[in-house]
Amino acid sequence: MAGGRARVAVSILDADHSNMAHAIRRAEKEGADRFHVDIMDGHFVPNLTFGPKMVAGIRPRTELPLDAHLMISNPLQFVDEFLEAGCDSITFHVEVDPAQIEPTLVAIRKAGRAAGLAVKPKTPLSALEPYRHLLDIILVMTVEPGFGGQEFMKDVAAEKLLAAREYLSHKPVGAEIHVDGGVNRESAEFVGGLGVDILVVGSVLWIKGRNMGREIRLVRALADEGYQYRLNNGKPPIPRDAMVTFAQLPKHLAWLFMAEIETGGIPVIPLRGTGQFNPDGVRDYDLLVPASAEAITTERHAADRERYLAEAASWREAYIAKHGVKPPDIQRPGTTGPVPPAAPTHPRAAGA
Ligand code: DX5
Ligand code: ZN
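Residues numbered from 1 in each chain as written. Chains lettered and ligands numbered in written order. Predicted model: local features only at pLDDT ≥ 70, side-chain atom pairs only at ≥ 80, totals over all residues. Heavy atoms only, no water.

*Asks:* Where do I start with the coordination of the zinc ion (ligand 2) in this structure?
*Replies:* Reference geometry at the metal: tetrahedral coordination by four donors gives ideal angles of 109.5 degrees; octahedral coordination by six donors gives 90 or 180 degrees. Looking at the zinc ion (ligand 2), the protein donor atoms are H36 (NE2), D38 (OD), H69 (ND1) and D180 (OD), and they sit 2.0 to 2.2 Å from it. Each donor residue of the zinc ion (ligand 2) belongs to the same chain, and together they define the spacing H-x1-D-x30-H-x110-D. In this pair, H69 is assigned in strand β3 (residues 66-71) and D180 in strand β7 (residues 176-180), connecting sequence segments 111 residues apart. A single burial state applies to H69 and to D180, both of which are buried. (Donors = N, O, S within 2.8 Å, 3.2 Å for Na, K, Ca; no water. Helix = DSSP H or I, 4+ residues; strand = E, 2+ residues; numbered from the N terminus. Buried < 20%, exposed > 50% of the residue type's maximum accessible area, 1.4 Å probe, protein only.)

As structure tokens, then:
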């Protein structure tokens, strides 16, 4: 998994359609972060590609996420088939019949997948306004949809990419802006500087003789550099997958605090990690949050954390008063025999 912030979605539109399994294997080996599958119906765009069967065929060939980009006039008619085929996200166009948009987004979200809307170059972002709260992804097209290998529309990127982030500002974690069309090593730094999360890269990766892995790494690195110097005051971006410990608490309190934090759309991972031993012999749990959401978690929950820590302290005292203190080593998971008492202990437990 790449370290930085930007991610490359490999579009298979210009891969060899007679040997898609090989194309998938190769791109995965060369460092693709995910796959972007362009579905065209010959009606919404003047080109035809694949259907849900292609997605279902690819699904068992890779563990990377599969993003479906539906350039079709009737997304509602086909959405269930694409969900069944195993897409991790489905993005369709806001230019389709408006009656289909909300029910299609709802169907995608109900299935627990990420839901997205795409905008053609001439469509203003304001077309997304009524659907904002149903969106995980906004895909900004920087070519007219239909074909790979077209020229990147810089003015469209400049007008829409940062603005699209604003549209998803209600989602502190997990919202993604995708840029699709003409993205390569020439345009990567520019779009990275506009905060884009996912760069869809197609035709340049499939040119004969081209070093695909190098191209993917270059695009990612240039996008991160753009982000660092244009948006982030020269500071390197926070790695997309990094997690940090926000609090360490006894289990019953950790679970309560986790639920509270997650209500605001910030995912929490509880880990039986490095926390102190409690008087019941069980370690505190670590509550991990995405590093990219550390600031907003602190902003929202620093006072709650103090409250929970105080509660934990009085719980420990009450426990000791009632039961005394259990030696931590007795209940340490995975140990069989007696353990030397050198292990990290709670000061109170050690002194008792
Ligand atoms: C175009 C598709 C793109 C296409 C991008 O309609 O949506 O995903 O594969 O290809 P390049 O990178 O060549 O513009
Ligand atoms: Zn696409």
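The discussion continues.
*Asks:* How should a nonpolar patch on the surface be read in this particular structure?
*Replies:* On the surface, M243, I269 and L271 cluster together into a nonpolar patch covering about 230 Å² of accessible area. The topology assignment puts M243 in strand β9 (residues 243-249). (Patch = residues over 30% accessible without salt bridge, like charges linked within 9 Å, V, L, I, M, F, W, Y side chains within 5 Å. Areas by Shrake-Rupley, 256 points an atom, 1.4 Å probe, with all protein chains shown as cover. Salt bridge = Lys/Arg side-chain N within 4 Å of Asp/Glu carboxyl O.)

*Asks:* Could you clarify how one ought to interpret the sheet that holds strand β5 (residues 114-119) in this entry?
*Replies:* In a beta sheet, neighbouring strands are held together by backbone hydrogen bonds and run either parallel or antiparallel to one another. In spatial order, the strands read β1-β2-β3-β4-β5-β6-β7-β8; together these eight strands close into a barrel with parallel pairing. For this sheet, the mean angle separating the axes of adjacent strands, direction not counted, is 25°. Judged from the five bridges that link them, strand β6 (residues 137-141) and β7 form a sheet pairing that is parallel. Paired with I138 across the strands is I177, a residue of β7. In the packing of helix α3 (residues 75-85) onto the sheet, contacts are made with β2 (34-40), β3 and β4 (89-93), and the angle to β4 comes to roughly 165°. Relative to the sheet, helix α5 (residues 154-167) contacts β5, β6 and β7, its axis offset from that of β6 by approximately 175°. (Pairing = 2+ DSSP bridges. Axes fitted to C-alpha atoms, helices over the stretch in contact; angles between N-to-C directions. Contact = heavy atoms within 4.5 Å.)

*Asks:* Would you mind going over helix α1 (residues 20-29) with me for this structure?
*Replies:* An α-helical turn contains 3.6 residues, so a residue and the one three or four places further along point in the same direction. Of the positions making up α1, those classed as buried are M20, A23, I24 and A27. Each buried residue of α1 sits inside an arc of 95° when the element is viewed along its axis, so together they form one side. Check the buried side of α1 and you find it contacts β1 (7-11), β2, α2 (52-58) and α7 (212-231). (Arc of directions from axis to C-beta.)

*Asks:* Can you help me understand unusual backbone geometry in this one?
*Replies:* If a residue is not glycine, its phi is most likely negative; likewise, a peptide bond is most likely trans. For N233, which is not glycine, the phi dihedral falls at a positive 50°. Locating N233 in the fold gives a position in the loop between α7 and β9. Using a relative accessible area of 72% as the deciding quantity, one classes N233 as exposed.

*Asks:* What should I look at first to understand the environment of K208 in this one?
*Replies:* By the element assignment, K208 lies in the loop between β8 (198-201) and α7. The exposure class assigned to K208 is exposed, which follows from its relative accessible area of 81%.

*Asks:* Where do I start with the site of ligand 1 in this structure?
*Replies:* Looking at ligand 1, there are 20 residues lining it, with S11, G149, D180, G182 and S203 nearest. A distance of 3.3 Å separates an oxygen atom of ligand 1 from a polar atom in the side chain of H36. Between D180 and ligand 1, the recorded distance is 2.7 Å, taken from a side-chain N or O atom to an oxygen atom. In isolation ligand 1 has 380 Å² of accessible area, and contact with the protein removes 99% of it. For the shell around ligand 1, the elements supplying multiple residues, two or more each, are β2, β3 and β8. Here the shell around ligand 1 takes three residues from β2, the largest share from any one element. (Near = heavy atom within 4 Å. Polar contact = N/O pair within 3.5 Å; in protein donor to acceptor, adjacent residues only side chain to side chain.)

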